[in-house]
Amino acid sequence: MTEWNNDLARIAIPTPFAVGDVNAFVLKGDVLTLIDTGIKTPESEEAIKAGLKALGLTMRDIEQIIITHHHVDHVGGVDFFPENIPFLGHTNNNPWLENSEQFTGEYVEFFLALAKEMGVPDNYRSLFGRLKNNLKVHSSRVLTGTLKEGDEIPGHPGWTVLETPGHAESHIVLFREEDGAMFGGDLLLAKVSPNPLIEPPMEEGQSRPKSQLLLNQSLRKIAGLPLGVVYAGHGNPITDPKPLIAKRLQSQHERAMRVYGYLKQQPTTVFEMTKILFPKKYENQFGLTLSETLGQFDYLMDSGLIFGEETPDGTIYHTKQ
Ligand SMILES: [Zn+2]
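To keep things clear, this report deals only with the structure shown in the data block. As the structure is a computational prediction, the values presented were derived from the model and not from experiment. Within each chain, residue numbers correspond to sequence positions counted from 1 in written order. Local features in this predicted model are restricted to residues of pLDDT 70 or higher, and side-chain atom pairs are both shown and tallied only at a pLDDT of 80 or more, whereas totals for entire chains, interfaces and linings draw on every residue. Derived side-chain values reflect all non-hydrogen atoms in the structure, with water molecules and hydrogen atoms excluded from consideration.

In this text, helices come from DSSP runs of H or I with a minimum length of four residues, and strands from runs of E with a minimum of two, each type numbered from the N-terminal end. Helix and strand content of the chain: nine helices and 13 strands. Referenced to the eigenvectors of the C-alpha coordinate spread, the extents of the chain come out at roughly 60 × 40 × 35 Å. Sorting the 321 residues of the chain into buried and exposed places 53% on the buried side. Note on contacts: a residue pair is in contact if any heavy atoms of the two residues lie within 4.5 Å. The contacts in the chain between residues at least 6 apart in sequence include a share of 63% that link residues at least 24 apart. Per element, the accessible surface of the chain, about 14700 Å² overall, is 50% carbon and sulfur. By the counting rule applied here, Lys and Arg register as positive and Asp and Glu as negative, while His and the ends of each chain are not counted. All charge positions are set by atom: Lys at NZ, Arg at CZ, Asp at CG, Glu at CD. A gap of 7 Å separates the mean positions of the 29 positive and 41 negative side-chain charges of the chain. Note on classification: 1.4 Å probe, protein chains only; a residue is buried when its accessible area is under 20% of the maximum for its type, exposed when over 50%, partly exposed between these limits. The Shrake-Rupley method, run with a 1.4 Å probe, gives the accessible areas here. Residue values count only the displayed protein chains as cover.

Below you can see the structure in the form of structure tokens.
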């Protein structure tokens with residue numbers, strides 16, 4: 001049921017993904033802003049229309065769109081809305097939205113090099129090719145302006161932008177100190193922990209962002225705020241976010257320690273560990289399971305519990321310290 005809750009409203013929009021519905025939010029202020037858009041499918045468009053109608057609005061009433069990150073379920077629906085309105089997000093959304101040939105090329109090259117490092121056998125390389133699908137945001141627009149740490153949301157005094165990379169390098173949340181309300185994107189979800197997805201560095205030559213470590217940092221960052229309700233990108237609003245943040249950090253630590261336990265004395269690659277951790281899922285969810293495992297290795301490495309040794313062909317074997 002879509003209804004106003006003071007100055008904001010949630011519209012749940014179906015997706016074809018395992019995660020289920022994605023949430024878009026309407027925020028009233030000096031302008032009427034939509035936060036995230038759903039995916040670009042006819043079902044999604046219907047759901048947005050119906051949601052807006054229940055609020056006494058139409059697509060044409062939306063005056064500004066802000067995205068929490070570049071993933072297709074949060075961005076694709078931007079094409080449904082008037083073309084001339086501001087479309088804002090973090091500058092790191094741009095490579096994905098622009099989707100240039102150069103970016104695609106660098107993206108594929110990055111993953112092939114990383115596949116080698118993670119010990120992915122050559123016969124699995126075709127699965128890696130599917131990762132290119134991640135690049136399809138299915139919308140035709142690029143940002144008309146960017147938002148960065150500390151910015152006030154245009155048209156919404158009291159709402160500020162916080163950079164919260166990890167699930168995506170482009171990820172931001174929107175926070176209102178007055179009542180602690182937050183539009184949290186996929187940083188904190190009621191039912192699942194977001195995947196620390198592998199992404200290439202934003203600048204060529206930079207080292208790979210350690211997504212899990214960034215995600216943990218971002219969670220700690222919001223835990224230090226006077227948080228009220230977190231309006232999450234999927235699922236119901238989170239009314240008591242702090243215990244959930246603590247739980248997420250703790251269970252990630254426990255998952256990493258499980259990996260540590262498996263490592264024993266046997267040097268192991270990220271790919272070998274992925275097969276151990278996700279024997280039934282790793283082939284169908286290749287990218288997701290590898291990024292999850294890589295995140296645990298990054299965490300253990302950062303904690304000084306393991307170290308990596310590179311073979312002459314560039315594969316890294318991890319061992320307990
Ligand atoms: Zn996402």
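Any pair of Phe, Tyr and Trp rings, taking the six-membered ring for Trp, is counted once the centres come within 6.5 Å. Such a pair is stacked with planes under 30 degrees apart, edge-to-face with planes over 60 apart, and tilted for the rest. Considering all chains together, one arrives at 14 aromatic pairs under this definition. Both rings, one in F103 and one in Y107, keep their centres 6.1 Å apart while their planes meet at 50°; by these two values the pair is tilted. Here F103 pairs with Y107, and both are found in helix α4 (residues 101–117), just four residues apart, close to one helical turn. Accessibility assignment for this pair places F103 and Y107 in one class, buried. Here Y124 and F286 contribute two aromatic rings whose centre-to-centre distance is 5.9 Å and whose plane-to-plane angle is 10°, an arrangement assigned as stacked. Residue Y124 is found in the loop between α4 and α5 (125–129), and its partner F286 is found in helix α9 (residues 286–302); the two are separated by 162 residues along the sequence. We classify Y124 as buried; its relative accessible area is 13%.

In this section: the sheet that holds strand β9 (residues 172–176). If DSSP finds at least two bridges between two strands, the strands pair. Ordered by their spatial adjacency, four strands build an open sheet running β8-β9-β10-β11, and the pairing between neighbours is mixed. Both edges of this open sheet fall to β8 (159–163) and β11 (230–232), since each of them pairs with a single strand only. When strand polarity is set aside, the average angle formed by the axes of neighbouring strands in this sheet is 20°. Bridge count between β9 and strand β10 (residues 181–185): three bridges; the pairing is antiparallel. Across the sheet, F175 pairs through a bridge with M182, a residue of β10. Lines are fitted to the C-alpha atoms to define the axes, a helix being fitted only along its stretch in contact, and any angle between axes, read from their N-to-C directions, falls within 0 to 180 degrees.

Here we come to the nonpolar core. Among the nonpolar cores identified, the biggest contains 29 residues, and M118, V120, I198, F271, F286, L290 and F297 are the most heavily contacted of them. Of all the secondary structure elements, the ones that give two or more residues to this core are α4, α7 (241–263), α8 (270–277) and α9. We define the nonpolar core as a collection of buried residues of types Ala, Val, Leu, Ile, Met, Phe, Trp, Tyr and Cys that are connected through side-chain atoms lying within 4.5 Å of one another. In terms of nonpolar packing, the next biggest core, distinct from the first, is built from 25 residues, L32, L34, I48 and V75 among them.

Only H69 (NE2), H71 (ND1), H167 (NE2) and D186 (OD) from the protein reach the zinc ion as donors, at distances of 2.1 to 2.4 Å. Water is absent from the atoms considered, so a metal site may look incomplete; donors are defined as N, O and S atoms within 2.8 Å of the metal, or 3.2 Å for Na, K and Ca. Working rule for geometry: tetrahedral if four donors all subtend angles between 85 and 135 degrees; square planar for four, octahedral for six, if opposite donors exceed 155 degrees and the others stay between 65 and 115; irregular in every other situation. Around the zinc ion, the four donor atoms are arranged such that angles at the metal cover 88 to 178°; this shape is classified as irregular. Its relative accessible area of 7% is what places H167 among the buried residues.

As a further point, take α9. Residue pairs spaced three or four apart in an α-helix point in one direction, given the helix's 3.6 residues per turn. For a helix, the expected span equals 1.5 Å multiplied by the number of residues minus one. Its 17 residues give α9 an end-to-end C-alpha distance of 24 Å, which sits within 8% of 24 Å, the value for a rise of 1.5 Å per residue. Counting buried positions over the 17 residues of α9 gives 13, a clear majority of the element. Of the residues trailing α9, G304 is marked for its positive phi of about 75°.

Once that is clear, we can look at the pairing of strand β12 (residues 306–310). Within a regular strand, the side chains alternate between the two sheet faces. With five bridges joining them, β12 and strand β13 (residues 316–320) adopt antiparallel strand pairing. Within the sheet, the bridge partner assigned to E310 lies in β13 and is I316. The hairpin formed by β12 and β13 contains five residues between the paired strands, and G314 there has a positive phi angle of roughly 95°.

Time to look at the pairing of strand β2 (residues 8–13). As judged from the two bridges shared by strand β1 (residues 4–5) and β2, these two strands associate in the antiparallel manner. Paired with W4 across the bridge in β2 is A9. Here β1 folds back onto β2 in antiparallel fashion, the turn holding two residues, of which N6 has a positive phi close to 55°. As defined by bridge partners, β2 adjoins strand β3 (residues 22–27) across six bridges and the pair is classed as antiparallel. Bridge pairing in β3 links R10 to F25.

Let us now look at the packing of α7 against α9. It is at 9 Å that the axes of α7 and α9 come closest, and there the two elements cross at 85°. If you check the angle between α7 and α9, you find them roughly perpendicular. Seen from α7, the contacting residues are Q252, H253, R255, A256, M257, V259, Y260 and L263; seen from α9, they are E292, Q296, F297, Y299 and L300. Following the grouping adopted for this structure description, the nonpolar residues are Ala, Val, Leu, Ile, Met, Phe, Trp, Tyr, Cys and Pro, the charged ones are Asp, Glu, Lys and Arg, and the polar ones are all others, Gly among them. Looking at the contact of α7 with α9, its residues break down into eight nonpolar, three polar and two charged. Oblique is the label for any angle not covered by the other classes, which are roughly parallel (under 35 degrees), roughly antiparallel (over 145) and roughly perpendicular (65 to 115).

Turning next to the side chain of S44. If you trace the backbone, S44 turns up in helix α1 (residues 42–54). Here a polar contact is recorded for every N or O atom pair within 3.5 Å, except that within protein the pair must consist of a potential hydrogen donor and a potential acceptor, and residues adjacent in sequence are included only if both atoms are side-chain atoms. At a separation of 2.6 Å, a polar atom in the side chain of S44 contacts the main-chain carbonyl oxygen of I39. Residues contacting S44, with those up to four places away along its chain left out, are I13, P14, G38, I39 and F80.

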